[in-house]
Amino acid sequence: TLDRSSAASDVYKRQALQANRESVNCYLAQGKKDKISYALRDIARMYDAKHQKDSALHYYQKAYRTALSTHSPHKAYIIWGELGSFYYYSLVKADSAKRMLITALKHQPDMANALLVLGDVYRGENRWDSACYYLHQAIEYGDIYKQHSAYRHLSCLLYTSPSPRD
């Protein structure tokens, strides 16, 4: 059953990748260039899910550049924040991820996913105060799923941060 599940997952990823490529072509044909950036971002997500990091990075960067070129800064910084998350979790480049996330948050301070990931970056650096701050911000601005993740990360801090000294 594990092989069947893996095969079904592979089929889904291929189909999703193809659907997103077709979305790009449809948006181009309709002259809706402002819609392309999210379709490119979704292609990047699928490559990331398939562990094809070079292709994922290419499409994240292309999505960001496309959003900027279509004068969609809101979309651009959402994608930039997601690219920061990709740098942290998939490429394991905390410093680059942190710079991207901070930049994204300067433009979109209520971006819950970026807040959550930045809190996790600081947690990984043992910077407990910064981690707590950003995780609490994720709770404030996030939906129930981001709130759940932030609470989970905060609970980990209870076990990993040093005890306060008297």
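Just so we're clear, the structure is a prediction, and the values are computed from it rather than from any experiment. (Residues numbered from 1 in each chain as written. Predicted model: local features only at pLDDT ≥ 70, side-chain atom pairs only at ≥ 80, totals over all residues. Heavy atoms only, no water.)

Chemist: Please clarify how the overall build of the chain should be interpreted in this entry.
Modeler: For the chain, the count of helices and strands is eight helices and zero strands. Start at the N end of the chain and walk to the C end: the helices and strands fall as α-α-α-α-α-α-α-α. By principal-axis analysis of the C-alpha atoms, the chain measures approximately 65 × 45 × 30 Å. Out of the 166 residues in the chain, the part that is buried amounts to 41%. (Helix = DSSP H or I, 4+ residues; strand = E, 2+ residues; numbered from the N terminus. Buried < 20%, exposed > 50% of the residue type's maximum accessible area, 1.4 Å probe, protein only.)

Chemist: Help me understand unusual backbone geometry in this model?
Modeler: In terms of backbone geometry, most residues other than glycine have negative phi values and most peptide bonds are trans. In the Ramachandran plot, H51 falls in the positive-phi region, its phi being about 65 degrees despite a non-glycine side chain. With relative accessibility at 66%, the residue H51 sits in the exposed group.

Chemist: What is the right way to look at the environment of S9 in this model?
Modeler: Relative to the helices and strands, S9 resides in helix 1 (residues 2-30). Separated by 110 residues in sequence, S9 and G119 place their C-alpha atoms 30 Å apart.

Chemist: Please clarify how the environment of E82 should be interpreted in this entry.
Modeler: For E82, the location among the structural elements is in helix 4 (residues 73-89). Residue classification places E82 among the buried residues on the basis of a relative accessible area of 13%. Once the C-alpha coordinates of E82 and A114 are considered, the two residues, 32 residues apart in sequence, prove to be 7.1 Å apart. Once you skip the residues sitting within four places of it in the chain, E82 turns out to touch R41, R45 and Y60. (Contact = heavy atoms within 4.5 Å.)

Coordinates in, geometry out; function isn't part of it.
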